[in-house]
Amino acid sequence: MSDTPTIAVVGSGPIGAAYARVLLESLPQARVIMFEAGPPVTERPGESVRNIADPDEKARARERSQGPQAGEFRDSLGIPSGTIVEGMFTARQGTHLLDFGGAGSAHAPSFPAAAAATNVGGQGAHWTCAIPRPAFSEKLDFIPDDEWEDLISTAEDLLHKQSAAFSDSPVGAAIRTLLDREFGAELPEGFGVSTLPVAGDPQPDGTMRWAGTDTVLGPLIEPGTDTAGRFELRDLSLVRRIDHDGARVRGVVVEDLRTHEEAFVPADAVVVAADAFRSPQLLWASGIRPAPLGRYLTEHHVVIGTVVLDGERMSELVSDAELQAELDRRALNPADPVAAVNRIPFSEPDHPYSAQIMYAETPPFPLDPAHPAAGNRWGYINMGFGVRKFPRVEDGATFSDDELDYRGLPNFTIEYALTEREDAEIAEATERLRRAGAALGSFIAEPRLLPNGSSLHFMGTMRAGTDPATSVADPYSHVWGFENLFVGGNGLIPTANTMNPTLTSVAIAVRGARRLAEELAAS
Ligand code: FAD
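Below is a summary of the structure that appears in this document. Worth saying up front: this structure is predicted, and the values here are computed from it rather than measured. (Residues numbered from 1 in each chain as written. Predicted model: local features only at pLDDT ≥ 70, side-chain atom pairs only at ≥ 80, totals over all residues. Heavy atoms only, no water.)

Take the overall build of the chain next. In terms of helices and strands, the chain carries 10 helices and 21 strands. Considered along the principal axes of its C-alpha atoms, the chain spans approximately 70 × 45 × 45 Å. Sequence separation of at least 24 residues holds for 72% of the intrachain contacts in the chain that already meet a minimum separation of 6. In the form shown here, the chain has an accessible surface area of approximately 19700 Å², with 51% of it arising from carbon and sulfur atoms. (Helix = DSSP H or I, 4+ residues; strand = E, 2+ residues; numbered from the N terminus. Contact = heavy atoms within 4.5 Å. Areas by Shrake-Rupley, 256 points an atom, 1.4 Å probe, with all protein chains shown as cover.)

The following block contains the structure:
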């Protein structure tokens, strides 16, 4: 290995960014080349598109991230024309369905809402920025508690955790009071109704600048810093293969999607952080095929509903003047409709659900002006209860050697099913959602279970663990059997998890990056 080790990072989402940051800050001689299949969509690499004030510009940034469903931008993104882009479901803006129904589409009838983002910053340019910590059985049992505390705090710093976001909102506080009256007595100490930690920087005018992948990259994208000089981000660069000898990787084969030329880029180590489906896909394409690859797929299922706040109950807790002051403050940033985020966290044994309770001035869907709840001055609540999926080897992606996807990589089929265990918890979560709704007001959209894949939090497909028979990565995120190949992302989470996983995945990435830095320094 040379004195100036080069690390290739595949994927420019928050996890690739965390590896790049920790490696460059730990190793003063190292270089990182980050490859991203998608285009840049913001001036500052990986910035949250939620920070874009102009609605047209925001819509353009989102559409350009939508890979095969990127409409008129498709050709400029190196995607073959002729790809059919209509699916049964509509993906959330900024993402594209994996099973979009056309030529080169993945096959996922049992996981139909699964989607991904293809752009600089990955899904980290589109996310909602909720960063709760895992708790109880959601935690990884092979990381000692004191080390975990350090890893998760480092991850919170990288993401600019803000636990007090909207805590000064009197409406938000009243919502917590009403929920606490309903649920408080059932919840253990420390796991009661609270504000949801989010990633971002509160601005002096009370609005938020939401954290994107740019936040994690930090100094790497600040001109003139030492680390910026050693960091290179190549967009529209699709990694097609990892070159290796079965125990060590030598580099990556990359296609420039502007010219369609392929080149070999040598590297001393490779980190694959290309999301929970496309990372295992790349490993498979490279002939790295441990049995658990792509299997043990989980997400957290989501039961959601929308409520109009009850004016009488709210006005007992919030004065007219306080409400007006809050509405005036909100009017400063009309492009960002969320006004407060509360939660009931996961706890065991009695509340194995993560409830996310978002307060906004407008409902998340158009409401007929004639509807009695239209124009409610107190606003609306959009709530979701996250329900866990217990890992099973039967659930997951199977890759094909015979069929290619729209990018020419091995196509895949997702098999997935809920069992009685999940059905029972979904029924229970629906009941609790009804109780939460009744405590706050009345439903304008009844509780319903979203289709499989809707959470966008896909886990387990490259699980980290201590047993190579049931995991793809070891406890430090090396792919088993490889010295210098690391994987990162939600796919590493092996537990049945109910909450937003990015913070956990960044913490796991920090552990892997520290270990890789030590190994590179030692060699
Ligand atoms: P990604 O961010 O998905 O990035 C992977 C990147 O790899 C992509 O840009 C992709 O184009 C690139 N890539 C793939 N294959 C290749 C290849 N072969 N060559 C080169 N590049 C490749 N999580 C939370 O914790 N809290 C939330 O509130 C939350 N809200 C969300 C809301 C939305 C609308 C979305 C879309 C996601 C949300 N998430 C949330 C999920 C969160 O964004 C992801 O957990 C996180 O971005 C995962 O980071 P990652 O780096 O592993 O992958």
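From this point, the narrative continues.
The next subject is the sheet that holds strand β21 (residues 485-487). Here we have 5 strands laid out as an open sheet, ordered β9-β2-β1-β13-β21, and parallel in their pairing. Across the chains shown, the open sheet's two edge strands, defined by having one partner strand only, are β9 (231-234) and β21. Between one strand axis and the next, the sheet turns by 15° as a mean value, whatever way the strands run. Of the strand pairs in this sheet, strand β1 (residues 6-10) and strand β2 (residues 31-35) are connected by 5 bridges, and their pairing is parallel. Within the sheet, the bridge partner assigned to T6 lies in β2 and is R31. Here helix α10 (residues 502-522) sits on the sheet and contacts β1, β13 (269-272) and β21; the angle it forms with β21, its principal contact strand, is near 170°. (Pairing = 2+ DSSP bridges. Axes fitted to C-alpha atoms, helices over the stretch in contact; angles between N-to-C directions.)

This next bit is on the packing of aromatic side chains. Enumeration according to the criterion identifies 11 aromatic pairs in this entry. Between F277 and F458, the aromatic rings sit 5.5 Å apart at their centres with planes inclined by 55°, giving tilted as the arrangement. Here F277 is found in the loop between β13 and α6 (278-285), whereas its partner F458 is found in the loop between β20 (441-449) and β21, with 181 residues between them in sequence. In this structure, F277 and F458 share a single accessibility class: buried. (Phe/Tyr/Trp six-rings, centres within 6.5 Å; stacked < 30°, edge-to-face > 60°. Buried < 20%, exposed > 50% of the residue type's maximum accessible area, 1.4 Å probe, protein only.)

Our next topic: helix α9 (residues 420-440). Counted at 1.5 Å a residue, the expected span for α9 with its 21 residues is 30 Å, and the 30 Å between its end C-alpha atoms agrees. When we look at burial in α9, the residues that qualify are E422, E425, I426, A429, T430, R432, L433, A436, G437, A439 and L440. Against the buried residues of α9 lie α4 (170-183), β14 (301-309), α7 (311-317), β16 (353-360), β17 (380-387) and β20. (Expected span 1.5 Å × (residues − 1).)

Glancing now at the packing of helix α1 (residues 14-26) against α10. Packing of α1 against α10 brings their axes to within 8 Å, and their N-to-C directions diverge by 35°. When the axes of α1 and α10 are compared, the crossing they make is right-handed. For the pair formed by α1 and α10, the contact residues are P14, I15, A18, Y19, V22, L23 and S26 on the first element and T502, S505, V506, A509, V510, G512, A513, R514, L516 and A517 on the second. (Left-handed = near helix turned anticlockwise from the far one by under 90°.)

Ranked by internal contacts, the top residues of the largest apolar core, which has 110 residues, are I7, V272 and I414. Look past the residues within four positions of I7 in its chain and what remains in contact with it is L23, A30, R31, V32, I33, A269, V271, L516 and L520. The next biggest cluster of nonpolar side chains, apart from the first, holds 32 residues, and it includes W378, A429, A436 and L440. (Core = buried A, V, L, I, M, F, W, Y, C linked by side-chain atoms within 4.5 Å.)

For the rest of this paragraph, the subject is the site of the ligand. Neighbouring the ligand are 36 residues; E36, Q123, A130, N490 and T502 lie closest to it. Residue Q123 places a main-chain N or O atom 2.8 Å away from an oxygen atom belonging to the ligand. T128 places a polar main-chain atom, nitrogen or oxygen, 2.9 Å from a nitrogen atom of the ligand. When the free accessible area of the ligand is taken as 1000 Å², the share hidden by the protein chains comes to 97%. Ranked by residue count, the leading element in the shell around the ligand is strand β10 (residues 237-244), at 3 residues. The residue makeup of the shell around the ligand, split by class, is 15 nonpolar, 17 polar and 4 charged. (Near = heavy atom within 4 Å. Polar contact = N/O pair within 3.5 Å; in protein donor to acceptor, adjacent residues only side chain to side chain. Nonpolar A, V, L, I, M, F, W, Y, C, P; charged D, E, K, R; others polar.)

Honestly, that's just the spatial picture; any functional story needs more than this.
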